[in-house]
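Structural features, examined
Below, each chain spelled out in residue letters.
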Amino acid sequence: MTETGEDIRVRVVQDEAPEDIYAENGSIRTDFLAMVGAAIADRDLLFLRQRVARLHESELGDLIEAIQPDQRIALVRLLGDDFDMTALTEVDEAIRLQIVQHLPNAQIAAAIGELDSDDAVYILEDLDHEDREEILSQLPFTERVRLRRALDYPESSAGRRMQTEFVAVPPFWTVGQTIDYMRDEEDLPESFTQIFVIDPTFKLLGTIDLDRILRTKRQEKIESIMRETSHAIPAEMDQEEAAQLFEQYDLLSAAVVDENERLVGVLTIDDVVDVIQEEAEEDLMRLGGVGDEELSDSVMETSRSRVPWLAVNLFTAFWSASVISLFEATIEQVVALAILMPIVAGMGGNAGSQTMTVTVRALATRNLDIHNAWRVARREAGVGLINGVLFGCLVGLVAGFWFQDVSIGGLITTAMLINMFAAAMAGIMIPLLLNKAGADPAVSSAVFVTAITDTTGFFSFLGLASWWFMTG
């Protein structure tokens, strides 16, 4: 059979090196976006299959997020079976739902059947119960059971993140039998670094690294070269705790076991990297009081996610304002106080935020606990005093020259020292107390730290001024 010119041209295009779709700043090139948009509008399947379908799943995910919402649906529909559904694990939840809600369940089921179980669960867990059950019903029995078992585990647990595809062998097999099994068996994971050893009830006995298998003679028994598993991860364990185990013991993969110590899956480093990134982003967002907000959220969704903590912040602002009102007469007599008091509160707020950020992160990574809390608190107190003296003297000098009044400089210096010390203490004690009470310090700390630094700053500065001018 001879090849036509078209066959040769297509084959040459497919053999070319993948195209770099990114600009120097890391965003997708505008010219590439324009070409994709034009191809979607013209229904140019040849371009989409050759230049878009062959992108890596992460690149395809970035492209989907960059194009217009109506183009996303059109792109997925035009690519059909050539669309890599794994790319949906790389996009915001809102975008993922927008796409899958416009696809027939039969198409989703067919695509999910080709995915690793962890990626399939990632897509299925966001769907409505009815759609999820309809999709699962169209999958082979074994795969359906595996996915349902993973979906039964709590959200953000290791069981939700695990892959249910793994290689497990009995301890009485030889190395030769194991190698032959891996060569002949078609239903194996695409990539793996460990083989698990199990008994007839699937209880985990140990693990063997692939390099150990390759360096051992064929007649050697598996039980003689396996090592006991010391870092098996309970399926119910929170994904952040599992990620910390990977970090602590430099793991590439780890067995996931149920409450009876039976092997149910494997957690791999690529999933753990995603967990670390998600948890870091979540902590950062919560410190800002914006919850699980995503860039793809609508105006109403974004507003709704920000309202609760803004309302709490409004209450604390009135609290601080009430402190100022106590010294209304003093402020009327010395106008300079009204000009300078935001400096005291603002510097305290920034100092408190610095300490709070370090504390919340240390609690999240479990580097701060009851054993070293007092030592860290002493350190932060020292930092607060040193910075209070340094910036208090600096602001005091400026204020004294500005208003030609040494007493104003001395008052703001003293108030700054008091508030910087209070800010340091609030920045570490509030997250610790919230954590002890079972609340998430990343969510709640910022508002309370700001309230304390504002109140302390206003009260110390205006209170000292009232006492000074009354006695003077």
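So, a few notes on the structure that sits alongside this text. Quantities reported herein were computed from a predicted structural model and do not represent experimental measurements. (Residues numbered from 1 in each chain as written. Predicted model: local features only at pLDDT ≥ 70, side-chain atom pairs only at ≥ 80, totals over all residues. Heavy atoms only, no water.)

Topic: the environment of arginine 212
Among the secondary structure elements, arginine 212 is positioned in helix 13 (residues 210-214). Among the residues examined, arginine 212 registers a relative accessible area of 37% and is labelled partly exposed. (Helix = DSSP H or I, 4+ residues; strand = E, 2+ residues; numbered from the N terminus. Buried < 20%, exposed > 50% of the residue type's maximum accessible area, 1.4 Å probe, protein only.)

Observations regarding the sheet that holds strand 2 (residues 194-198)
If you trace the three strands from one edge of the open sheet to the other, you get 1-2-3, paired in mixed fashion. This sheet does not close on itself; its edge strands, each paired only once, are strand 1 (168-169) and strand 3 (204-209). Relative to strand 2, strand 1 is paired through two bridges, and the arrangement is parallel. Residue alanine 168 lies in a different strand from strand 2, and its bridge partner there is phenylalanine 196. (Pairing = 2+ DSSP bridges.)

Some details on unusual backbone geometry
In the Ramachandran plot, serine 156 falls in the positive-phi region, its phi being about 70 degrees despite a non-glycine side chain. By the secondary structure assignment, serine 156 is in the loop between helix 10 (141-152) and helix 11 (158-161). You can call serine 156 partly exposed: its relative accessible area is 31%. Positioned with a positive phi, phenylalanine 202 is a non-glycine residue whose angle comes to about 70 degrees.

Some remarks on a nonpolar patch on the surface
A contiguous nonpolar surface patch, about 680 Å² in accessible area, is contributed by Val335, Ile339, Leu390, Phe391, Leu394, Val398 and Trp402. Contributing elements (two or more residues each) for the nonpolar patch: helix 19 (335-364) and helix 20 (373-403). Tallying contributions element by element places helix 20 first for the nonpolar patch, with five residues. (Patch = residues over 30% accessible without salt bridge, like charges linked within 9 Å, V, L, I, M, F, W, Y side chains within 5 Å. Areas by Shrake-Rupley, 256 points an atom, 1.4 Å probe, with all protein chains shown as cover. Salt bridge = Lys/Arg side-chain N within 4 Å of Asp/Glu carboxyl O.)

Observations regarding the nonpolar core
Side chains of a nonpolar character, in soluble globular proteins, are inclined to be buried together. Among the nonpolar cores identified, the biggest contains 63 residues, and Leu48, Val52, Leu63, Ile64, Phe83, Ile112 and Ile233 are the most heavily contacted of them. Among the elements that take part in this core, helix 5 (residues 69-79) stands out by supplying five residues, more than any other. Residues within four places of phenylalanine 83 in sequence aside, it is in contact with Leu60, Ile64, Val76 and Leu88. With 24 residues, the next largest nonpolar core counts Phe327, Ile331, Ala351 and Leu411 among its residues. (Core = buried A, V, L, I, M, F, W, Y, C linked by side-chain atoms within 4.5 Å. Contact = heavy atoms within 4.5 Å.)

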